[in-house]
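Structural overview for review
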Amino acid sequence: MMETRIERVLLQLIAPVVAIFFAALLAAAILHFTGADAGSVLGEVVAFGTTPASLVAVVNKATTFYLAGIAGAIGFRMLLFNIGIDGQYRLAVFFAAVVGASVSLPPVLHVTLIIVVAMAVGAGWAALAGYIKVTRGVSEVISTIMLNAVATGIIAYLLAPGRLAERAAGSNNIRTTPIPSSGWFPGFEVAGKEVFGFTLVAAALGIGFWILLNRTRFGFELRASGLSLRAAAVSGVNSKRMIFVTMVMSGAMAGLVGIPQLLGSSHQYGLDFPAGFGFTGLAIAILGRNHPLGVAFGALLWAWLERSSQILDLLGVSREIVTIMQATIVLSVVVAYEVVRRVNVRRQQKLVGRSEHVGIESGATA
Amino acid sequence: MPAPAIELRGITKRYPGVVANRDVNLRVESGTAHAVIGENGAGKSTLMNILYGMVVPDEGEILVEGTPVPMSSPADAIAAGIGMVHQHFKLADNLTVLENVILGDEPTGRAGRIDFEAARTRIVELGDHYRIPIEPDALVADLSVGNRQRVEIIKVLYRGARVLILDEPTSVLVPQEVDELLKNLRRLTGEGLTVIFISHKLDEVLTVADEITVMRNARTVAHTRPAEITSRELAQLMVGSELPTPEPRTVEVRSEVGLRLESVSTRGRGHETSLSDIDLTVRSGEIVGIAGVEGNGQSELIETILGLTSPVGGRVLLGTEDVTEAATSIRRRLGLSYIPQDRHREALLLDATLWENRILGHQMHPPINRGVWIDRKAARADTERIVADSDVRTPSIEVLASALSGGNQQKLIVGREMAGEPRVLIAAHPTRGVDVGAQAAIWTRLSAVRRAGVAVLLVSADLEELIGISDRILVILRGRFVGEFDPAAIGPEDLGAAMTGADAA
């Protein structure tokens, strides 16, 4: 029945719309009570956020968020909380930067090697958490949080002059040796600003994730395990293997989080390399319902909010208002999704009830 | 004549797609043990939940001692002196008996402190008075199932209940514990309390009940006394005209083996029963029934065949293939199908559509499986077929599985498990919790796959079901097979006796 499918999609869209609207309302109220003119602030924010330079910056930032979001979504799809995305990507991008700078290869091969190293390190780091969950029953929430701290320690040790890093000339930054230009991922120009070329790769990965989930046996088993681990096991899914593989895949995706930045602009890993995208990724995955399109939307929204908030300081408004908005969106979207889920089940039960009734009546007259 | 302790008048409760209770009337005299019997899905549990305030009826009224009482929550029921002992105990394992009993009803002394001494005294007094001794300071985790049930009973008495509802109290007990419980129930009614209990076991009902109400298909269909009826007649009342007439066993059992277990033993984890030295052969075209009180190794047997538990000894064969070490997916590919007893937990993805549920367990089978790909068109087409063939009442195959009623969910599962030419089918309580119409349809289908040459293992607690459709019945007790019976030559009473080990001694 096409009708129910369309209705279901619409129902799904209601939740984030309501959540964003609610968050905007709350932000406006806070602005109002702190004495700012909510209307004019909002106008300025939108005006700044829609300049071409802002939009390009949003897309670039969203690429990073998207990869983190998909890494989170892979885990969530099977009820695994990969809190370790943060540690996985930092370790991955660090080693990718080190390896990338230490070899000389022709352009395409060089970039490929860097990407493979990043994915392998991310996957390997997540695999540790997956392994001890499967063999020892250690919750991945605990182990990945601890592995984040371990990753921080490892990087702190190795990112030192004389080990795997050097002091940048004329600054206090300590960084890895820059990757030669054969290991850069070319971007493309839009409105005079450069968009990361890796954005296209991220989009392709999103499509790949969708195909994997919806069209393959592996994807079906992954989703089934997430919906009911026991039912999936009875149907022939090896739960332990599934947990391990999912964790590894999530880690491999997490390994790519720092890659747009590394290959597209900084070309080195230093003390100033952005961190903390792991939790952002999880929030975006929740907002996007672990669906590749939803996560893309969430990543763009997040990036836009962060970018536009830069104008707030100039307007004399505290920038934290955006953090409040983001938090409100995530909290209210979780509630809204649950409400929508219940409404949907009840609606379907009614439909089914009606058809059963009809069935019984026609059965009686037959 | 004094007013009855409990009277239910014209109770009706509808759920989406199902009427669970239809104009139900029940009259329970004070100081009696009243049994409510009926098949799974007859509406007994709903009725008891209504009486205990957990479910609010759409129509009808509840009278306690002749006065109508609005019952909208268990708190109302407790206030009216009604207590319930659930089939699955609601105890906190890491608290003591004393703490569990007073939980939610703590006697407070000065400054809001819990007066444990007063509580202890009350509990010991209650135990002495009704001769249900319990140790107040024992940890619940250390207690046997029978003792936990006593704690539940004391808990209800502690709250001042005059009417006790017990939901299938004997289904979890071993035979000695059953005897003990039945004695305890007698003592309670002897002291003037009223006991209402749900049961499937006709022999128990006939020994302990003063009065019996029979439910069938959401209605109360009969009210009688043990002296006035035999267990055969009771069974007829329960099943009604839908009682399947045992097919003439002309179907020739083929010689090829579908499923064979050779001296299989398992090591139970925690409270599980372990299998010891199980030998079992199910041939193609044969239905072998496994009879037993729940918890005597049936789930371990099923898990071992599915490959979810590895045996510590012995071999499991599907056809001629040794699958002792094989993964569940390999066994599935070899044609192993399974209709589980707990469909919500083991057979369905409740938040997925019907056609996605059709894939479950068949993701490795063509036509749905095409290498690494899933053919969604084939899955949808075959779901449409099942919906049409098995009369699954649904507006579309795009609805979520959770939207269907229990009977329709089960019809979908049965249709799915019979698709793709299974070689071996395990059916565990296949008609539990489904209405009579669906029940008959499922029995017909089981007989049909038998004719098609499938080896069927039927695990059930429903004696009529076992006798009605099995070719052979094996009785399982504490992880061993203790007897084999010809269903044509055995009645439910004898089978019941064998299940509890009463005849073995």
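The model shown is predicted, which means the values in this text are computed figures rather than measured ones.

**With respect to helix α5 (residues 107-136) of chain A**
Residues and elements named next belong to chain A. Counted at 1.5 Å a residue, the expected span for α5 with its 30 residues is 44 Å, and the 43 Å between its end C-alpha atoms agrees. At Ala127, α5 is deflected by roughly 25 degrees, the largest bend along its length. After α5 finishes, the residue Gly137 shows a positive phi value of roughly 70 degrees.

**Side note on the sheet that holds strand β16 (residues 336-339) of chain B**
Residue and element names in this part refer to chain B. Spatial ordering of the open sheet is given by β16-β19-β20-β13-β21-β22, a layout of six strands whose pairing is mixed. Edge strands, defined here as strands with exactly one partner in the open sheet, are β16 and β22 (480-485). Going from strand to strand, the sheet's axes swing by 20 degrees on average, the running direction of each strand aside. Sheet topology places strand β13 (residues 287-291) next to strand β21 (residues 472-477); four bridges connect them, and they run parallel.

**A look at the packing of aromatic side chains**
A complete count under the given rule lists seven aromatic pairs over all chains for this structure. Considering the side-chain rings of A:Phe76 and A:Phe81, the 4.9 Å spacing of their centres and the 85 degrees angle between planes classify their relative orientation as edge-to-face. Overall, the relative accessible area of 39% leaves A:Phe81 in the partly exposed class. Of the aromatic side chains, those joined through ring pairs into one cluster are A:Phe94, A:Phe95, A:Tyr269 and A:Phe273. If you follow A:Arg289 out to its NZ or CZ, it ends over the ring of A:Tyr337, 4.5 Å from the centre. Sitting over the face of the ring of B:Trp355, B:Arg380 holds its NZ or CZ atom 4.1 Å from the ring centroid.

**Section: helix α1 (residues 44-51) of chain B**
Extensive coverage of α1(B) is indicated by the burial of six of its eight residues. In the segment just after α1(B), B:Gly53 is the residue with positive phi, at about 80 degrees.

**Section: the nonpolar core**
With 144 residues, the main nonpolar core has A:Ile259, A:Leu262, A:Tyr269, A:Trp302, B:Leu425, B:Leu446 and B:Leu495 as its most contacted residues. Here this core gets 11 residues from one element, more than from any other, and that element is helix α3 (residues 52-76) of chain A. In this view, A:Trp302 contacts A:Phe65, A:Thr280, A:Ala283, A:Ile284, A:Leu287, A:Gln326, A:Ile329 and A:Val330; residues no more than four positions away in its chain are not counted.

**A few points about the domain arrangement of chain B**
By a frequent convention, interface size equals the accessible area lost on bringing the separate parts together. Domain assignment breaks chain B into domain 1 (6-239), domain 2 (244-335 + 422-505) and domain 3 (351-420). Once you take the C-alpha centre of each, domain 1 of chain B and domain 3 of chain B turn out to be 39 Å apart.

**Observations regarding the side chain of B:Ser470**
Residue and element names in this part refer to chain B. You can see Ser470 is positioned in the loop between α16 (463-469) and β21. Residue classification places Ser470 among the buried residues on the basis of a relative accessible area of 0%. A polar contact is formed between the side chain of Ser470 and the backbone oxygen of Leu466, at a distance of 2.7 Å.

**Brief notes about the pattern of salt bridges**
All told, the structure shown has 41 salt bridges over all chains when counted by the stated rule. A salt bridge links B:Glu303 to A:Arg230; the nearest nitrogen and oxygen atoms lie 2.7 Å apart. Placement of the pair is B:Glu303 in helix α9 (residues 298-306) and A:Arg230 in helix α9 (residues 229-234), with the two residues belonging to separate chains. On the accessibility criterion, B:Glu303 (13% relative accessible area) is buried. A salt bridge links B:Lys13 to B:Asp58, with the nearest nitrogen and oxygen atoms 3.7 Å apart. Of this pair, B:Lys13 sits in strand β1 (residues 6-15) while B:Asp58 sits in the loop between α1 and β4 (59-64), placing them 45 residues apart in sequence. Through salt bridges with shared partners, one network takes in B:Glu7, B:Arg9, B:Arg27, B:Glu29 and B:Glu61.

**Notes on the interface of chain B and chain A**
On the side of chain A, 34 residues touch chain B, which itself brings 43 residues to the contact. Counting each side, the surface lost to burial between chain B and chain A is near 3400 Å², with a carbon and sulfur contribution of 57%. Among the residues chain B hides against chain A, the three largest losses belong to B:Arg376, B:Arg393 and B:Pro395. Together they make up 17% of the total. Here chain B and chain A share four salt bridges between them. Residues B:Asp351 and A:Arg341 are paired through a salt bridge, measuring 3.4 Å at the closest nitrogen-oxygen approach. The interface formed by chain B and chain A holds 11 residue pairs in polar contact (both at pLDDT 80 or more) in total. Going through the elements one at a time, α9, α10 (328-333), α11 (343-346), α12 (354-359), β18 (373-374) and α13 (376-389) of chain B are the ones with two or more residues in the side of chain B that touches chain A. When the residues that make up the side of chain B that touches chain A are grouped by side-chain class, the tally is 20 nonpolar, 12 polar and 11 charged.

About the criteria used
Residues numbered from 1 in each chain as written. Chains lettered and ligands numbered in written order. Predicted model: local features only at pLDDT ≥ 70, side-chain atom pairs only at ≥ 80, totals over all residues. Heavy atoms only, no water. Helix = DSSP H or I, 4+ residues; strand = E, 2+ residues; numbered from the N terminus. Expected span 1.5 Å × (residues − 1). Bend = angle between axes of the 7 residues up to and from the residue. Pairing = 2+ DSSP bridges. Axes fitted to C-alpha atoms, helices over the stretch in contact; angles between N-to-C directions. Phe/Tyr/Trp six-rings, centres within 6.5 Å; stacked < 30°, edge-to-face > 60°. Buried < 20%, exposed > 50% of the residue type's maximum accessible area, 1.4 Å probe, protein only. Lys NZ or Arg CZ within 6 Å of the ring centre and 35° of its normal. Core = buried A, V, L, I, M, F, W, Y, C linked by side-chain atoms within 4.5 Å. Contact = heavy atoms within 4.5 Å. Domains from an automatic or database assignment. Polar contact = N/O pair within 3.5 Å; in protein donor to acceptor, adjacent residues only side chain to side chain. Salt bridge = Lys/Arg side-chain N within 4 Å of Asp/Glu carboxyl O. Buried area = accessible area lost by both parts, 1.4 Å probe. Nonpolar A, V, L, I, M, F, W, Y, C, P; charged D, E, K, R; others polar.

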